[in-house]
Every structure is written in structure tokens, then in C-alpha cells.
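# Inside the fold
Okay, here's what each chain looks like letter by letter:
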Amino acid sequence: MRIVMIGAGYVGLVSAACFAEFGIEVVCVDKDRHRIEALRAGRMPIFEPGLEDLVKRHVASGRLGFTFNLKSALQGAMAAFIAVGTPSRRGDGHADLSHVFAAAGEIATALSHPLLVVTKSTVPVGTGRRLAAFFAETRPDLKIEVAANPEFLREGAAIEDFMRPDRIVCGIDGSGAQALLEALYRPLAQAGTPLLFTGRETAELIKYAANSYLATKITFINEMADLCEATGADIEVVAKGMGLDGRIGGRFLKPGPGYGGSCFPKDVQALLHTAREQSVPLRIVEAVEAANAARKLKMVSRIVAACDGKVRGKRIGVLGVTFKSGTDDVRDSPSLVVLPALQELGAKLCVFDPAGMEEARKRLPGLTWAQNAYETAQDATALVILTEWEAFGSLDLDQLKTLMHTPVIIDLRNVLSPAAARARGFAYHSIGRPKAR
Ligand code: NAD
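Residues numbered from 1 in each chain as written. Predicted model: local features only at pLDDT ≥ 70, side-chain atom pairs only at ≥ 80, totals over all residues.

### Some remarks on the sheet that holds strand 10 (residues 348-352)
Across a sheet, paired strands are connected by hydrogen bonds in the backbone, their directions being either parallel or antiparallel. One open sheet holds the six strands; their spatial order is 11-10-9-12-13-14, and the pairing between them is parallel. Lying at the two open borders of the sheet, with one neighbouring strand each, are strand 11 (368-369) and strand 14 (427-429). Bridging between strand 13 (residues 408-411) and strand 14 involves three bridges; their strand directions are parallel. By the bridge assignment, V408 is partnered in strand 14 with A427. Helix 13 (residues 283-306) contacts strand 12 (382-385), strand 13 and strand 14 of the sheet and is inclined by roughly 165° relative to strand 13. (Pairing = 2+ DSSP bridges. Helix = DSSP H or I, 4+ residues; strand = E, 2+ residues; numbered from the N terminus. Contact = placed C-beta atoms within 7 Å. Axes fitted to C-alpha atoms, helices over the stretch in contact; angles between N-to-C directions.)

Below you can see the structure in the form of C-alpha cells.
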């Protein structure tokens, strides 16, 4: 069986390599020539644990190839997955579908046989129907079915998530699509993964509802952390106590500087846009979006307060720019709000991230970039931890203290032990944990 994956980004490249692992022949197409050339030369355009090995293995097995020529890729293919970006449209927060429709247009031009087109990109309710209408109009001579198969993988654990998902959601409008998708996902179904076949609109909405719910969970625990700070309760224990309830579950109950990344912010916005279009109020999701935006700014005030109310002219070390650990992705990361705001207030920032600096440099001008975590601490008035990279939790605190001008740590991810930091003489600020702990 042969398929085409359009888009060689976090979702497309991982999906392509994993389908090849299932024994399927996959041609991955991207319009970015540099990306394709890099992949052909064995260089990964993104950082994702385990990806390089998997890609190399299946390039060698002959089941995975890369091209910018869609027409040749489509030859003999039974399905084409669209895994291109769907960022927020400027101005109104709606999902920008221009890449999806550009890919559809290219398929319509290049195709010469019947095909199943599958949206793996996150697309608003009704997109599948619009795509089907588009193909019916542009290629009435060919049977082109459209299915929605939203992806739920997480960056940083993408391969594991693709190979062992909680479920696979397929929105279909035709029996041919079901048989083909069942065949493509057979290894997962045989391993016990539930395959949920639904209508297209339902599948499209499942993705937005799931992401908005997870964003809600994060925002909820962040607000509980604020209440812990005001009352002397401990958010880590509150979250544990809540999470042990099987109806709630412990995941996504980690307080921090606000959710970010390439999915939650834009998907929450797009869902709200859909709801407004349909005149259906989503008050909870509205509140989540507003609370999360306010939270990022609140982190700035917290840092300023820890620096005695003034950061102008002070050197501040920053650990982490990616929106979470395990990825090089900085899209919509809290760092993109917090760091420019600190710069605006006159702080001199020295920043280190184990994977995200190359991307971050393009988006965060005027910063000093360090070679390692300790370099950021040199003469610093304070050290801010913005991303929960594991290595930041095991830094040598004594060494940091010797390097710093003033021993102040603002740990916005609760990666350090308050007792250990305080025992070494740090003024230590974290999220939702009692001052004395
Ligand atoms: P990305 O930006 O990493 O990759 C998209 C790729 O598509 C780019 O390489 C781009 O050059 C390519 N592309 C765009 N238009 C093209 C075209 N017409 N032909 C060929 N290639 C084209 O994006 P991503 O993070 O992989 O996200 C893709 C989709 O998956 C989005 O809708 C996103 O919401 C969704 N998603 C992302 C994640 C994630 O963790 N990143 C998880 C689940 C779902």
C-alpha cells in the first residue's frame, strides 16, 4: 500500500515515518525545498526524540521517500494525507486554511486516478465538507473521497504517541474511506487501540474539543495555584489529591506560566471563532483564553517583584524558551510574551535553551544567548526558569549561587525543590507552593 503525506513538519514527518514502520510505502512531500533537501541528506528539520533513527531506517528500507514533486508522489497512491499548518488567521483568530486548500488545489491539478484525501491537520468543523465540494467541482471526472483523521500526538513524545495512541479518530463520508483507514491503522487496532469512526464534522470537532478541554485543565490548575499562594495551600499536593480521583486524572494538572505551543492557543481561538459564527456561546473556553493571556503577563510582574520591583539595567538569566521540554518549538511559547516584556522594562536578558535557541533567535531579537545554563547565571540579579527541561532540575545550586550577583530564583515550572534552594541561601519563588516549604 502506498500513501502520500503532504507536509514534512512535526505531524507530517512523524506520521510518515510511523506509517512506514507499519509496512506502508510513504512519500512525504513538502513545498519547502530546503526541508526536502535536508531530509534527503539525512538531516532532520525538527527536533523530535527518536525521529532521526526512524527516518533513516525507513529511507534505508525503501518505504520512506521525500520529494517536492506532488505529481510523481501521487502516482499509485491510495490516499493523500494533508498535514500542513493551520495557524491562526491574523485579526480574527479563525484557522487559516490557505495551506490546506493550496494542498487540495495541487492534488486536484496533479491527480489522474481516484483517491482518498485525509486531513491530518487540525481543521475547523465543515472543512471536510468544503474540501469534498471543492474536489467535486474541480475534478468531477474522478472519485475523490475526503476523510478527517485529526492527529493527537504531542511534540517531544510524538513517535510514542503515534505508535501507542489512546484512540484514532476517523471522520468519514463513504465506505471506501473506512476500509482504507482500517487497513492503514491495522497494526494499531490489532494492538488494541480503539478506532473511532464518526461523521466528518464530529471528528473535526473532537480535536478542537479535546485541545480546548486540556487548555481548560491547565488554566484551572494555574488559577488554583494562585489561590494556593493566597492561602498557604500547596498546589502540588492539591493537584495530586485531585488527580487521584479517577474522574479527573492527574495529567495536565501542572501549574506554570500559561499554556503555549503551536496547538492550544490557536485551537482555542479557532473553536471560539466557530462558536461565534454559530452563535453558540462557549463561556468556559472564552474565560480560559482570557485567563491564559493574563497569566503570561502576570509572570512578568512576578519576576519584577522578585527583583525588588525593578529590572531596569539588571541582568537576568533565563532558562528555557520552548513552550515545553522535549521540543525545539517556540511557537506561541510564554517566552515570546515574557521576555519582550522584560526587555521593554529595561532588563538585560541572557538566555539558554537546550533545543529551542535556533528558532527563538529569529523571534526574540536583542537577547544574549548562552552556551549553557550556568553561563546565564553569570552576574545575574535573578534566574528565571521558563521551561521544565529535566536538566534544569539537576543544576548545581552551589555553583549557580557563586556565579550570580544576587541569589534569586523564579521557578515558573516548579522544577526545583524549594527546601534545597532555600537551604543554599536562595530567595526562591515558585508557583503555588508555600513560602516555607
Ligand atoms: P509544521 O509547520 O511543523 O509543518 C507543516 C509543513 O507543511 C511545513 O513543512 C510546510 O512547508 C508544509 N507545507 C505547507 N503547505 C504545503 C503544501 N501546499 N505542500 C506541501 N507542503 C506544504 O506544522 P505541524 O506542527 O506539523 O502542524 C500541522 C498540522 O497538524 C496543524 O494543523 C496542527 O494544528 C496539527 N497538529 C499539530 C501537532 C503538533 O504537536 N505540532 C499535534 C497535533 C496536530
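Structure shown, so let's carry the discussion forward.
### Details of the site of the ligand
Residues in contact with the ligand amount to 27 residues; listed here are only the nearest, G7, G9, V11, S121 and T122. Counting residues per element, the ones that place at least two in the shell around the ligand are helix 1 (10-21) and helix 5 (98-110). By residue number, the principal contributor to the shell around the ligand is helix 5, which donates four residues. Class assignment for the residues of the shell around the ligand results in 11 nonpolar, nine polar and seven charged. (Near = placed C-beta within 6 Å. Nonpolar A, V, L, I, M, F, W, Y, C, P; charged D, E, K, R; others polar.)

### Topic: the nonpolar core
A80, V117 and V384 are the most contacted members of the largest nonpolar core, which totals 129 residues. At nine residues, the largest contribution of residues to this core is made by helix 1. For this core, the two domains that each supply at least three residues are domain 1 (2-193) and domain 2 (200-437). Setting aside chain neighbours within four positions, we find V384 in contact with I303, I316, V318, L319, I410 and L412. (Core = buried A, V, L, I, M, F, W, Y, C linked by C-beta atoms within 7 Å. Buried ≥ 20, exposed ≤ 12 C-beta atoms within 10 Å, placed from the backbone. Domains from an automatic or database assignment.)

### Quick look at the domain arrangement of the protein
Interfaces are often sized by the accessible area lost when the parts come together. Assigned domains within the protein: domain 1 (2-193) and domain 2 (200-437). Between domain 1 and domain 2, the C-alpha centre-to-centre distance is 32 Å. With 29 residues of domain 1 at the interface, the matching set in domain 2 holds 24 residues. Those elements giving two or more residues to the side of domain 1 that touches domain 2 turn out to be helix 6 (127-138), strand 6 (144-148) and strand 7 (168-172). In terms of residue count, the dominant contributor to the side of domain 1 that touches domain 2 is strand 7 (four residues).

### Concerning the pairing of strand 12
Judged by which residues are buried, strand 12 turns out to be covered on both faces: A382 and V384 on one side and L383 and I385 on the other are all buried. In the sheet, strand 9 (residues 315-319) pairs with strand 12 via four bridges, with the strands oriented parallel. Bridge pairing in strand 12 places G317 opposite L383. Two strands pair when backbone bridges link them, and strand 12 and strand 13 are joined in this way by three bridges, in the parallel orientation.

### Considering the UniProt feature "domain: UDP-glucose/GDP-mannose dehydrogenase C-terminal" (unreviewed entry) in the protein
Here, UniProt's "domain: UDP-glucose/GDP-mannose dehydrogenase C-terminal" (unreviewed entry) annotation points to residues 317-418. Secondary structure within residues 317-418 divides into 33% helix and 18% strand; the distance between the first and last C-alpha atoms comes to 19 Å. (UniProt positions renumbered as here; feature names shortened; annotations may be inferred.)

### Examining the UniProt feature "binding site: NAD(+)" (unreviewed entry) in the protein
On the UniProt side, "binding site: NAD(+)" (unreviewed entry) is annotated at positions that read D30, R35, T86, T122, E155, K266 and R331 here. In summary, the annotated positions, distributed over 302 residues, remain apart in three dimensions as well, the widest C-alpha pair reaching 24.1 Å. By the element assignment, R35 lies in helix 2 (residues 33-40). Ignoring anything within four residues of it in the chain, the contact list for R35 reads A8, D30 and P45. Taking the number of C-beta atoms within 10 Å as the measure of exposure, T122 has 24 and is therefore buried. Every residue in contact with T122, bar those within four places of it in the chain, is listed here: T86, P150, K207, C263 and D267.

### Description of the packing of helix 10 (residues 200-231) against helix 13
At a closest axis distance of 9 Å, the pairing of helix 10 and helix 13 adopts a crossing angle of 55°. The orientation of helix 10 relative to helix 13 falls into the category oblique. Crossing of helix 10 against helix 13: the hand is left-handed. Along the contact surface, helix 10 presents S212, A215, T216, T219, N222 and E223, while helix 13 presents I284, V285, V288, A291, N292 and R295. A breakdown of the residues in the contact of helix 10 with helix 13 according to their chemical character gives five nonpolar, five polar and two charged. (Parallel < 35°, antiparallel > 145°, perpendicular 65-115°, else oblique. Left-handed = near helix turned anticlockwise from the far one by under 90°.)

### Here we look at the environment of L395
Mapped onto the secondary structure, L395 falls in the loop between helix 17 (390-393) and helix 18 (397-403). Residue L395 is classed as partly exposed on the basis of its 19 C-beta neighbours within 10 Å. Considered as a pair, L395 and L416 are 21 residues apart in the sequence and their alpha carbons are 8.9 Å apart. Beyond its immediate chain neighbours, meaning those up to four positions away, L395 contacts A373 and L400.

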